[in-house]
Amino acid sequence: MTMELDEQARAILRLNDMGGYTLPTHGLYPYQWNWDSAFAAWGFATFDPDRAWTEMETLMSGQWEDGMVPHILFHRPDAGYFPGPDVWQGRGPIPSSGISQPPVAASFMAKMLDLDPSGEPRARALWSKLKKWHAWFMEWRLDKGAVCITHPWEAGRDNAPDWDVAMMAIDASDVGEYTRRDTSHVDPAMRPTKFDYDRYLKLVQIGVSVGWDHEKLREINPFRVADPTMTFTLLRAQRDLLAMGRRFGEDVSEISEWITTLEIGAETLWNPELGAYDSRDALTGMFNNVRSNASALCWYAGINDPRAVPATKRMLDAAEYAIASFDPEAEGFEPLRYWRGPVWPIMNYLVGSGMEEQGQIEMAARIRQDTARLMELNGFAEYYDPNEGTPAGGGSFTWTAAVWLGWAG
Ligand code: 9WN
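What counts and what doesn't
Residues numbered from 1 in each chain as written. Predicted model: local features only at pLDDT ≥ 70, side-chain atom pairs only at ≥ 80, totals over all residues. Heavy atoms only, no water. Helix = DSSP H or I, 4+ residues; strand = E, 2+ residues; numbered from the N terminus. Rg over C-alpha atoms; globule rule 2.2 N^0.38 Å. Buried < 20%, exposed > 50% of the residue type's maximum accessible area, 1.4 Å probe, protein only. Contact = heavy atoms within 4.5 Å. Areas by Shrake-Rupley, 256 points an atom, 1.4 Å probe, with all protein chains shown as cover. Phe/Tyr/Trp six-rings, centres within 6.5 Å; stacked < 30°, edge-to-face > 60°. Lys NZ or Arg CZ within 6 Å of the ring centre and 35° of its normal. Near = heavy atom within 4 Å. Polar contact = N/O pair within 3.5 Å; in protein donor to acceptor, adjacent residues only side chain to side chain. Nonpolar A, V, L, I, M, F, W, Y, C, P; charged D, E, K, R; others polar. Pairing = 2+ DSSP bridges. Expected span 1.5 Å × (residues − 1). Arc of directions from axis to C-beta. Salt bridge = Lys/Arg side-chain N within 4 Å of Asp/Glu carboxyl O. Core = buried A, V, L, I, M, F, W, Y, C linked by side-chain atoms within 4.5 Å. Axes fitted to C-alpha atoms, helices over the stretch in contact; angles between N-to-C directions.

This brings us to the overall build of the chain. Summing up its helical and strand segments, the chain has 16 helices and ten strands in all. Rg of the C-alpha trace for the chain: 19 Å, near the compact-globule value of 22 Å for 409 residues, within the 12% margin. Based on the C-alpha atoms only, the size of the chain along its principal axes is roughly 55 × 45 × 45 Å. Taken across its 409 residues, the chain has 63% of its residues classed as buried. For the chain, contacts bridging at least 24 residues in sequence account for 71% of all contacts bridging at least 6. Carbon and sulfur atoms provide 50% of the accessible area of the chain, an area that totals close to 14400 Å².

Below is the structure:
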């Protein structure tokens, strides 16, 4: 059984391989996405290390002059996705979007190096690029040491309830006409709403209007939210970058300072009333009061926080398959609508592997078993209903297959 699933997972990676970069899935996502690609590299590393390093190299080849690594690289035009390169007008060496995504690449590169120590020369060449990307976050995205997103797509958790209040404050009345493509690939009931999309596009238009100048955007962008996903993944990635830097004989003093800053920032996201790490609106200073699976990324970031255990356990127990993206007991929980309830294998890996490392064995085992069960029963979907296990979103999904190969299987 496991062997068969291993083969299926490898076949998905091959199927989505465009030669040098991997699509999340054909149809719905016909480009290279940043954090998907890091997961893909790790999946490839379990059976084809050379291809794995190439994936990372292609991702980093899209890095902007200022260090940012965009969330989408549009290698070849494809009418099946909106908004495409003409709308985004990124200013990098490869047509791209104008925002970034959770920086998990350095952490997966560390895993790749464990699996394939002979890849060290390629890792060394990538290291300074990753450092430049991490420096970009430290320069442009901090609020009290926590990492902010400037667009919901930047967090990778598009329509999470975390952003609802901030989204309501955006005036998108003049966004104009546009045609979505996502809803022609999957059931609109599983996707973000038109209200969300109007604002997603409005934020892109604002970015384009200033040529994606980060300094100007810091002044005028109507959306800036400090986010646990970003803060915890960057904190973890800095630790992994530092460890690799030491191994390569690099000067890592600056990275140590970044780690201290991010640890202080992470603490500013602790919401005592919620009993969880929470997103905080950097423009208003208000917590969003949303209990999501991003809170449980603290362990992945190396923070073994006993305060976070009770609410995390409650979230695990509130659904058949852990861990729901949004608290199943909260008002507005939607088991099939993208980041407003469904369970995501990639988040399960980040959360579960962090718990394993920090000795939270019981919760970790529960998450890992549930992740495996979902794939055994329902294949390699983008995400699943946390109560029924129903596969949802795109099928034959790259990062889900990678999680099977690298961890759950
Ligand atoms: C926008 C590719 C990406 C993931 C994100 C996920 C979704 C895109 C979309 O798909 O976002 O970036 O069009 O919905 O939310 O995490 O990287 O799989």
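From this point, things continue past the structure.
Let us now look at the packing of aromatic side chains. Evaluated as defined, the whole model comprises 35 aromatic pairs. Ring centres of Trp339 and Trp344 lie 3.8 Å apart, and the angle between their planes is 10 degrees; on these two criteria the pair is classed as stacked. The burial state of Trp339 is the same as that of Trp344; both residues are buried. In this structure, Arg236 packs its charged tip against the face of Tyr300, placed 4.7 Å from the ring centre.

In the region of the ligand, 16 residues are neighbours, and Trp33, Asp36, Tyr81, Gly156 and Asp158 sit closest. The side chain of Trp35 places a nitrogen or oxygen atom 3.1 Å from an oxygen atom of the ligand. Here an oxygen atom of the ligand and a side-chain polar atom of Trp339 are 3.0 Å apart. Taken by itself the ligand offers 410 Å² of open surface, and the protein chains cover 100% of this. Taken together, the residues that form the shell around the ligand break down as ten nonpolar, three polar and three charged.

You can see Asn34 is positioned in helix H2 (residues 34-45). Those residues in contact with Asn34 that sit more than four places away from it in its chain are Leu59, Val69, Pro70, His71, Ser100, Gln101 and Trp133.

Here the focus is the pairing of strand E4 (residues 146-149). Each regular strand shows side chains that alternate between the opposite faces of the sheet. Residue alternation in E4 divides its side chains into two sets, Ala146 and Cys148 and Val147 and Ile149, and both sets are buried. Two strands pair when backbone bridges link them, and strand E3 (residues 142-143) and E4 are joined in this way by two bridges, in the antiparallel orientation. Across the sheet, Leu142 pairs through a bridge with Val147, a residue of E4. A loop of two residues connects E3 with E4, the two strands running antiparallel in sequence, and Lys144 in this loop sits at a positive phi of about 55 degrees.

Next up on the list: helix H12 (residues 253-267). The terminal C-alpha atoms of H12, which comprises 15 residues, lie 22 Å apart, in line with the 21 Å expected from a rise of 1.5 Å per residue. Buried within H12 are the following residues: Ile255, Trp258, Ile259, Leu262, Gly265 and Ala266. Looking down the long axis of H12, one finds its buried residues gathered within 125 degrees of arc, a one-sided arrangement. Turned more than 90 degrees away from the buried face of H12 sit Glu257 and Ile264, all of them exposed. In the core, the buried residues of H12 are packed alongside helix H6 (120-140), E3, E4, helix H11 (228-247), strand E6 (270-271) and strand E7 (276-277).

So, on to the pattern of salt bridges. Two side chains with opposite charge may pair up if their charged atoms get near one another. Summed over all chains, the structure comprises 32 salt bridges. Taking the shortest distance from any N to any O, the salt bridge between Glu254 and Lys131 comes out at 3.3 Å. Of this pair, Glu254 sits in helix H12 while Lys131 sits in helix H6; the two residues are 123 residues apart in sequence, bridging distant segments of the chain. Relative accessible area serves as the criterion here: at 18%, Lys131 is assigned to the buried category. Here Arg337 and Glu334 are joined by a salt bridge, their closest N and O atoms 3.0 Å apart. According to the relative accessible area criterion, Arg337 is buried, its value standing at 17%.

Attention now goes to the environment of Glu219. Structurally, Glu219 is set in helix H10 (residues 214-220). Along the backbone, Glu219 and Val252 are 33 residues apart, and their C-alpha atoms lie at a distance of 31 Å.

Next up on the list: the nonpolar core. Residues Phe39, Met56, Phe223, Ile346, Val403 and Trp404 are the most contacted members of the largest nonpolar core, which totals 136 residues. Residue contributions to this core peak at nine residues, all from H6. Every residue in contact with Phe39, bar those within four places of it in the chain, is listed here: Val104, Phe108, Ile346, Tyr349, Leu350, Trp399, Ala402 and Val403.

Strands sit in the order E3-E4-E5-E8 across an open sheet of four strands; the sheet is antiparallel. A single partner strand is all that each edge strand has here, and the edge strands are E3 and strand E8 (280-281). In the sheet, strand E5 (residues 225-226) pairs with E8 via two bridges, with the strands oriented antiparallel. Across the sheet, residue Val225 finds its bridge partner in E8, namely Asp281. Contacting E4 and E5, H11 runs over the sheet at an angle of about 130 degrees to E4.

Any functional reading would require information that these geometric values do not contain.
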